[in-house]
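# Analysis of the macromolecular model
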Amino acid sequence: MKSLILLGYGKMAKALAQGLKAKYQLFVCGRDNAKIQAFCEELSLTPLFLKNSILSLKENDELLLCIKPYALNEFHFQGKAKCIYSILNATSLETLKKTIESENYIRAMPNICASVGQSITSLCGDSAFKEESFAIFDSIGKSVWLTEKDFPLATALGGCAPAFLALVAESLIDSGVTYGLKREDSTQIVRTLFNGFAKLLEQNHPTLLKENVMSPGGSTAQGIATLEKHALKNAFLEAILASKNFA
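Residues numbered from 1 in each chain as written. Predicted model: local features only at pLDDT ≥ 70, side-chain atom pairs only at ≥ 80, totals over all residues. Heavy atoms only, no water.

For the rest of this paragraph, the subject is the overall build of the protein. Tallying secondary structure elements over the protein gives 9 helices and 10 strands in all. Viewed in the frame of its principal axes, the protein has a C-alpha envelope of about 70 × 35 × 30 Å. Counting across all 247 residues of the protein, residues that qualify as buried make up 35%. Across the protein, contacts joining residues at least 24 apart in sequence account for 38% of those joining residues at least 6 apart. (Helix = DSSP H or I, 4+ residues; strand = E, 2+ residues; numbered from the N terminus. Buried < 20%, exposed > 50% of the residue type's maximum accessible area, 1.4 Å probe, protein only. Contact = heavy atoms within 4.5 Å.)

Set out below in C-alpha cells:
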C-alpha cells in the first residue's frame, strides 16, 4: 500500500483521510501531538510526531498539506520529497517551491462538500502527478485539471459559492415562513428541492430546467421576471468577481 504524509488534522484533513485510508497508509503530523493522537485514534491512522516542528522528507515521500496558509512558515522542512500536494488557499506553486523542496508540486482546492464526499476539487501543477492527484482528490468527490492562472476564479466558483447557495437556501426558507409556512415545513421543502435539483442538473442544462418549469404567463414566469428585475444574475457575477479578487 502506498504511503502518504498528511500535515494537519482539521475538517478537510479528516474528510481526505476518510476517503484515502483504504487506499493509502496515512501518517499524520502537525503541531499539537495530543490532537494528532486523538485524530489518529478516531480514524485508525498512524501518528508522526514532530520535534520542534521539523519534518524530514525522503526522496519517495509524498506530502499532503492540510494546514492554514499562515501556518506553513511555522514548520521546517528538511530533505526533498517526491511530490507536495497543497490545499492552501492563495498559496502559489512558486511559494510552495520556495518553502519545501520536492520533485513535483500539485495545488488543489476542494470545498466544504468534501465532508459528504461530494467536493469539486480544482487541480493544477506538474502533469507527472496529474493522475495521482486525481486518485487522491476524487476520493472526496470529483476533480478538474486547470492552469494556475484559472485558480482564483475556480476557487471563487467552487470554494466560495457553497456559501452563496446557502444564502439562497436560507432566503427561500425564510420566504416560505414569511408568507405562512411553518419553518420545519419550509426547510423540508427547500432541502428536498436542492437534493432533487442537483440530480436534474447532472443530466440537463440549467436553461432547459428553467424552460421546463416556466409556462407562458404562469407563476414561475412571474417569479423569474421579478428576480430579473432585481438583477439576480448580475449580483452573482459581482459576487464571484469579488471572491476571485481575494482568492
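Next comes the rest of the account.
For the pair helix 5 (residues 151-178) and helix 6 (residues 183-203), the least separation of the axes is 8 Å and the interaxial angle reads 140°. It follows from the interaxial angle that helix 5 and helix 6 lie oblique. The interaxial crossing formed by helix 5 with helix 6 has right-handed handedness. Along the contact surface, helix 5 presents Leu165, Val168, Ala169, Leu172, Ile173, Asp174, Gly176 and Val177, while helix 6 presents Arg183, Ser186, Thr187, Val190, Leu193 and Phe194. (Axes fitted to C-alpha atoms, helices over the stretch in contact; angles between N-to-C directions. Parallel < 35°, antiparallel > 145°, perpendicular 65-115°, else oblique. Left-handed = near helix turned anticlockwise from the far one by under 90°.)

Time to look at the packing of aromatic side chains. One pass over the structure, following the stated rule, counts 2 aromatic pairs. Ring centres 6.4 Å apart and planes at 35° place the aromatic pair phenylalanine 75 and phenylalanine 77 in the tilted group. On the basis of relative accessible area, phenylalanine 75 is assigned to the buried category, the value being 6%. A centroid spacing of 6.5 Å and a plane angle of 65° characterise the contact between tyrosine 85 and phenylalanine 129, whose relative ring orientation is edge-to-face. (Phe/Tyr/Trp six-rings, centres within 6.5 Å; stacked < 30°, edge-to-face > 60°.)

Counting residues in hydrophobic clusters, the biggest one holds 28 residues, and the most contacted among them are Leu64, Tyr85 and Phe137. Among the secondary structure elements, those contributing two or more residues to this core are strand 1 (2-7), helix 1 (11-20), strand 2 (24-29), helix 2 (33-43), strand 7 (81-86), strand 8 (102-109) and helix 4 (130-137). At 5 residues, helix 1 tops the list of elements feeding residues into this core. Core analysis: the second largest hydrophobic core is formed by 23 residues, Leu50, Ala81, Leu88 and Leu93 among them. (Core = buried A, V, L, I, M, F, W, Y, C linked by side-chain atoms within 4.5 Å.)

This part covers the packing of helix 1 against helix 2. Where helix 1 contacts helix 2, the two axes come as close as 11 Å, and the packing angle between them is 35°. Judged by the sense of rotation from one axis to the other, the crossing of helix 1 with helix 2 is right-handed. Note on element contacts: helix 2 touches helix 1 through Phe39, Glu42 and Leu43, opposite Ala13, Lys14, Ala17 and Gln18. Of the residues contributing to the contact of helix 1 with helix 2, the split by class is 4 nonpolar, 1 polar and 2 charged. (Nonpolar A, V, L, I, M, F, W, Y, C, P; charged D, E, K, R; others polar.)

Take the pattern of salt bridges next. Think of it this way: side chains of opposite charge can pair up when their charged atoms draw near. This model, assessed by the stated rule, comprises 9 salt bridges. Where aspartate 61 meets lysine 58, a salt bridge forms, and the shortest distance between an N and an O atom there is 3.8 Å. Classification of aspartate 61 by relative accessible area gives buried; the value is 11%. Note that aspartate 150 is salt-bridged to lysine 149, the shortest N-O span being 3.4 Å. Accessibility expressed as a relative area gives 30% for aspartate 150, which makes it partly exposed. (Salt bridge = Lys/Arg side-chain N within 4 Å of Asp/Glu carboxyl O.)

For the rest of this paragraph, the subject is unusual backbone geometry. Its identity as a non-glycine residue notwithstanding, serine 53 has a phi of 60°, on the positive side. The backbone phi angle of alanine 90 is positive, close to 55°, even though this residue is not glycine. Note that alanine 90 resides in the loop between strand 7 and helix 3 (93-99).

It is worth spelling out the sheet that holds strand 1 at this point. Strand order in the open sheet formed by 8 strands is 3-2-1-5-7-8-9-10, and the pairing between neighbours is mixed. Strand pairing shows two members of the sheet lacking a second neighbour, strand 3 (46-47) and strand 10 (141-145), which therefore form its edges. Relative to strand 2, strand 1 is paired through 6 bridges, and the arrangement is parallel. Across the sheet, the residue bridging to isoleucine 5 is phenylalanine 27, located in strand 2. Along the sheet, helix 4 contacts strand 1, strand 2, strand 5 (62-65), strand 7, strand 8, strand 9 (119-125) and strand 10; its crossing angle with strand 10, the most-contacted strand, is approximately 155°. Its contacts with the sheet put helix 5 on strand 8 and strand 9, and the angle it makes with strand 9 is roughly 170°. (Pairing = 2+ DSSP bridges.)

Because an α-helix completes one turn every 3.6 residues, residues spaced three or four positions apart along the sequence face the same direction. Buried residues of helix 4: Glu132, Ser133, Ile136 and Phe137, and no others. Buried residues of helix 4, viewed axially, fall in a sector of 120°; they line one side. (Arc of directions from axis to C-beta.)

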